[in-house]
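Chain by chain, the residues:
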Amino acid sequence: MGFPAPVWCGFAAIALLKVDAVSILIRCADGSVQASVKSERGSEEYAVRTGPPGGAVVTATCSCHDFRRRGGLCKHGAAVALMAQREQVGMAPRILHEL
């Protein structure tokens, strides 16, 4: 028995932040973010764009296979959204310890 998809996505996003896989490239005037996320396997990088902050639902598009196949929020989009939110509230972008 595994975790439900949203929970697993959150765990995987935190793991990407811990290994510094997220690079925010552009911060748009509306608050959306364009970023690059390194794959945890291999040398691939995925292009991610988050929607503007403030809504009840986090939105993001990603060039990864999972997003193209399934749609919805993938771990790369979740990682970028988490990093952007942490930076917006003035927290260090790195997660240094377990939750």
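The name given to the protein in an unreviewed UniProt entry is SWIM-type domain-containing protein, with Prorocentrum cordatum as the source organism.

S.K.: Describe the overall build of the protein, listing the residues and the values that go with them.
M.R.: Looking only at helices and strands, the protein has 3 helices and 4 strands in total. N-terminal to C-terminal, the α/β element order of the protein is α-β-β-β-β-α-α. Burial analysis of the protein (99 residues in total) assigns 34% to the buried set. Long-range contacts, defined as pairs at least 24 residues apart, comprise 35% of the intrachain contacts of the protein with a sequence gap of at least 6. Of the roughly 6400 Å² that the protein leaves accessible, carbon and sulfur atoms contribute 60%.

S.K.: Hey, could you go over the pattern of salt bridges for me, with residue numbers and the actual values?
M.R.: The full count for this structure, using the stated rule, is 3 salt bridges. A salt bridge links Asp-66 to Arg-70; the shortest N-O distance between them is 2.9 Å. Of this pair, Asp-66 and Arg-70 both sit in helix H2 (residues 65-70), 4 residues apart, which is roughly one turn of that helix. What you see here is one network of salt bridges that share partners, running through Asp-66, Arg-69 and Arg-70.

S.K.: Got a sec to walk through the sheet that holds strand E2 (residues 33-38)? Specific residues and values, please.
M.R.: In space, the 4 strands of this open sheet follow the order E1-E2-E3-E4, with antiparallel pairing throughout. Each edge of the open sheet is held by one strand with a lone partner, namely strand E1 (22-27) and strand E4 (60-62). Along the sheet, successive strands turn relative to each other by an average axial angle of 20°, direction set aside. Pairing analysis gives 5 bridges linking E1 to E2, with the strands arranged antiparallel. Within the sheet, the bridge partner assigned to Val-22 lies in E2 and is Val-37.

S.K.: Before we move on, can you summarise unusual backbone geometry with the specific residues and values?
M.R.: Both trends apply: most residues other than glycine have a negative phi, and most peptide bonds are in trans. Positioned with a positive phi, Asp-20 is a non-glycine residue whose angle comes to about 55°. Within the secondary structure, Asp-20 sits in the loop between helix H1 (5-18) and E1. Judged by relative accessible area, Asp-20 falls into the partly exposed class, the value being 38%.

S.K.: Tell me about the nonpolar core, and name the residues and values.
M.R.: Counting 21 residues, the largest nonpolar core has Val-22, Val-37, Val-48, Cys-62, Cys-64, Ala-79 and Val-80 as the members making the most contacts within it. Within the residue set of this core, elements represented by two or more residues are H1, E2, strand E3 (45-50), E4 and helix H3 (75-88). Here this core gets 5 residues from one element, more than from any other, and that element is H3. Ignoring any residue separated from it by four or fewer positions in sequence, one finds Val-37 in contact with Leu-16, Ala-21, Val-22, Glu-44, Glu-45, Tyr-46, Val-48, His-76 and Val-80.

About the criteria used
- Residues numbered from 1 in each chain as written.
- Predicted model: local features only at pLDDT ≥ 70, side-chain atom pairs only at ≥ 80, totals over all residues.
- Heavy atoms only, no water.
- Helix = DSSP H or I, 4+ residues; strand = E, 2+ residues; numbered from the N terminus.
- Buried < 20%, exposed > 50% of the residue type's maximum accessible area, 1.4 Å probe, protein only.
- Contact = heavy atoms within 4.5 Å.
- Areas by Shrake-Rupley, 256 points an atom, 1.4 Å probe, with all protein chains shown as cover.
- Salt bridge = Lys/Arg side-chain N within 4 Å of Asp/Glu carboxyl O.
- Pairing = 2+ DSSP bridges.
- Axes fitted to C-alpha atoms, helices over the stretch in contact; angles between N-to-C directions.
- Core = buried A, V, L, I, M, F, W, Y, C linked by side-chain atoms within 4.5 Å.

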